[in-house]
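Report on the structure
Each chain, letter by letter, is given below.
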Amino acid sequence: VRWLKWLDDEADNLRAVLAHCLNGPGRPIGMAMVGSLGWYWAPRATSEGMYWLDRYLERREGDDSAVAHALFARGFVATVQGDAVAAQALLIEAEAHARAVDDRGLVVRILAISARVRAMSGDLAAARSQVRDAEALARGLDDASADAALTQTQGFIALAAGDLEASRRIYDDSVGRTRDRGDLHSLIYILGYYGFSLLQHSQPDAARALLEESLMISQQLDNRDATLYHLYGVACCEAMVGHDRRAARLLGAAEMMQTETGARLVSMMEPLLCMARETISNS
């Protein structure tokens, strides 16, 4: 939270530096900067992130490590935007650069996000295969970021497969570890994926506490992508238990936010939202 506030406060200075470096001798410094800012831009400033990453990636100048991080950041932003085709191409190129400098931690994170993209596209077999490759690479690494990316992807695949037992197992195995290291970003998704899995299996009361906590953390971090999803999730909980007015207000807030951000929801959300809207319209 402290670093996010610092980045917000320094946003104009960051823009000035990135603009200054773009077409001059400082371009490699700018390339390194845009690669490091992906986790800031993706959940809260995707349009600006896409702008700067695309400007720097017009020419792949810089060392392989900086270019790998920039390509990974751009692929991650595309994933958040729901653009699986663009994301996959960028992540494949990022993986090649990361392997060239033997950055195993980054390769694990790239494979984890790539597996999420494949799961979004419905190719669960390929997604699981990439997760296995990432798990093999991660063995022996003391890399909390790689571990977090793998855990999030495992939860996403379990949700996409409708596998409640796998979702519960991932949640039980990882939620305590994630809380202990203060990783609020990962906690959003661990709570959320399990909560949505419970909703898929018509357990709104069990899902509500998870989704409400995830929504609270999303708002604390100003993670607009996650806030949108979890507003929809809590709305579905309310619709399932017959709280139609509250469900309608939450759906309205989520739909307004979706229009403002231009976000595209993953397809697995549609059955839950159709159920919630039908319940409200019939009340």
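Within any chain, residue numbers begin from 1 and follow the written order of that chain's sequence. pLDDT decides what is reported in this predicted model: residues at 70 or higher carry local features, side-chain atom pairs at 80 or more are listed and counted, and totals for whole chains, interfaces and linings draw on all residues regardless. Here the side-chain values reflect all heavy atoms present in the structure, with hydrogen atoms and water set aside.

Remarks on the overall build of the chain
Across its full length, the chain holds 16 helices and zero strands. Radius of gyration here is computed from C-alpha atoms only, and the compact-globule reference equals 2.2 Å multiplied by the residue count raised to the power 0.38. A compact globule built from 283 residues would reach a C-alpha radius of gyration of about 19 Å, and the chain, at 19 Å, matches this within 12%. The dimensions of the chain, computed from C-alpha atoms along their principal axes, are 65 × 40 × 35 Å. In the chain, which comprises 283 residues, the proportion classed as buried is 53%. By definition in these notes, contact holds between two residues if any of their heavy atoms fall within 4.5 Å. The contacts of the chain with a sequence gap of at least 6 include a subset with a gap of at least 24, amounting to 64%. In the form shown here, the chain has an accessible surface area of approximately 12800 Å², with 53% of it arising from carbon and sulfur atoms. Counting 29 positive and 38 negative side-chain charges, the chain places the averaged centre of each group 1 Å from the other. Labels follow the DSSP assignment, with helices taken as runs of H or I lasting at least four residues and strands as runs of E lasting at least two, numbered in each case from the N terminus. For every residue, the accessible area obtained with a 1.4 Å probe (protein chains only) is divided by the maximum for its type, and the residue is called buried under 20%, exposed over 50%, and partly exposed between those limits. We get accessible surface area from the Shrake-Rupley algorithm with a probe of 1.4 Å; when it comes to residues, only the shown protein chains can shield them. Neither His nor the chain ends contribute to the count of charged residues, in which Lys and Arg are positive and Asp and Glu negative. Taken as the charge location is NZ of Lys, CZ of Arg, CG of Asp or CD of Glu.

Here's the deal with the packing of helix α8 (residues 104-120) against helix α10 (residues 144-161)
The angle between two axes is taken between their N-to-C directions and runs from 0 to 180 degrees, where each axis is a line fitted to C-alpha atoms and a helix contributes only its stretch in contact. Where α8 contacts α10, the two axes come as close as 9 Å, and the packing angle between them is 15°. In terms of their interaxial angle, α8 and α10 are classed as roughly parallel. Considering the relative orientation of α8 and α10, their crossing is left-handed. The residues of α10 that touch α8, namely those facing Gly105, Val108, Arg109, Ala112, Ile113, Ala115, Arg116, Ala119 and Met120, are Ser145, Ala146, Ala149, Leu150, Gln152, Thr153, Phe156, Ile157 and Ala160. Here the residues of the contact of α8 with α10 sort into twelve nonpolar, four polar and two charged. Comment on the angle field: the value is read as roughly parallel under 35 degrees, roughly antiparallel over 145, roughly perpendicular from 65 to 115, and oblique elsewhere. The crossing is said to be left-handed when, going from far helix to near helix, the turn is anticlockwise and less than a right angle, and right-handed when the turn is clockwise. Here the term charged refers only to Asp, Glu, Lys and Arg, the term nonpolar to Ala, Val, Leu, Ile, Met, Phe, Trp, Tyr, Cys and Pro, and the term polar to all other amino acids, Gly among them.

Side note on the layout of surface pockets
To find leftover empty space, one rolls a probe the size of a water molecule over the atoms. Approximately 670 Å³ is the volume attributed to the largest pocket. Lining the largest pocket are 26 residues, and of these Leu4, Trp39, Asp183, His185 and Ser186 sit closest to its centre. Among the elements of the structure, α1 (2-9), α4 (38-44), α8, α10 and α12 (184-200) are those that each provide at least two residues to the lining of the largest pocket. Broken down by element, the residue count for the lining of the largest pocket peaks at five residues, all from α10. For the lining of the largest pocket, a count of residues per class yields 14 nonpolar, seven polar and five charged. Every residue lining the second largest pocket is listed: Arg128, Val131, Arg132, Glu135, Gln154, Ile157, Ala158, Ala161, Asp163, Ala166, Arg169 and Ile170. Elements that contribute at least two residues to the lining of the second largest pocket include exactly α9 (124-138), α10 and α11 (164-180). Of the residues that constitute the lining of the second largest pocket, the class distribution is six nonpolar, one polar and five charged. A cavity here means a set of points on a 1 Å grid, drawn over the protein atoms and nothing else, where a 1.4 Å probe fits but cannot get out; a pocket is an open set with protein on both sides within 12 Å along at least five of seven lines, and a residue lines either one if it has an atom within 4 Å of a point. Grid points are joined across faces, edges and corners, and a volume is the space filled by probe spheres set on the points.

Concerning the pattern of salt bridges
In what follows, salt bridge is the name for a side-chain nitrogen of Lys or Arg lying within 4 Å of a carboxyl oxygen of Asp or Glu. Counted under the stated rule, the structure contains 18 salt bridges. Arg177 is paired through a salt bridge with Asp173; the nearest N and O atoms lie 3.7 Å apart. In this pair, Arg177 and Asp173 are both assigned in helix α11, four residues apart and thus about one turn of the helix distant. You can call Asp173 exposed: its relative accessible area is 54%.

Re the environment of Arg177
When its relative accessible area of 31% is taken as the criterion, Arg177 is described as partly exposed. As for Arg177 and Leu187, which are separated by ten residues in sequence, their C-alpha atoms are 9.7 Å apart. Excluding anything up to four places from it in sequence, Arg177 contacts Asp147 and Thr151.

Thoughts on the packing of aromatic side chains
Within 6.5 Å between ring centres, the rings of Phe, Tyr and Trp (the latter by its six-membered ring) count as paired, and their orientation is classed by plane angle as stacked under 30 degrees, edge-to-face over 60, tilted in between. Under the counting rule described, the total for this entry stands at seven aromatic pairs. Each ring, one from Trp3 and one from Trp6, has its centre 5.6 Å from the other, and the planes form 70°; the classification is edge-to-face. Note that Trp3 and Trp6 are positioned in helix α1 at a spacing of three residues, about one turn of the helix. Judged by centre distance (4.3 Å) and plane angle (50°), the ring pair of Trp39 and Phe76 falls under tilted. With a gap of 37 residues between them, Trp39 in helix α4 and Phe76 in helix α6 (residues 64-80) connect regions that are remote in the sequence. You can call Phe76 buried: its relative accessible area is 8%. Taken together, Trp39, Phe72 and Phe76 form an aromatic cluster joined through their ring pairs.

In short, the description is geometric, and any link to function would need to be established separately.
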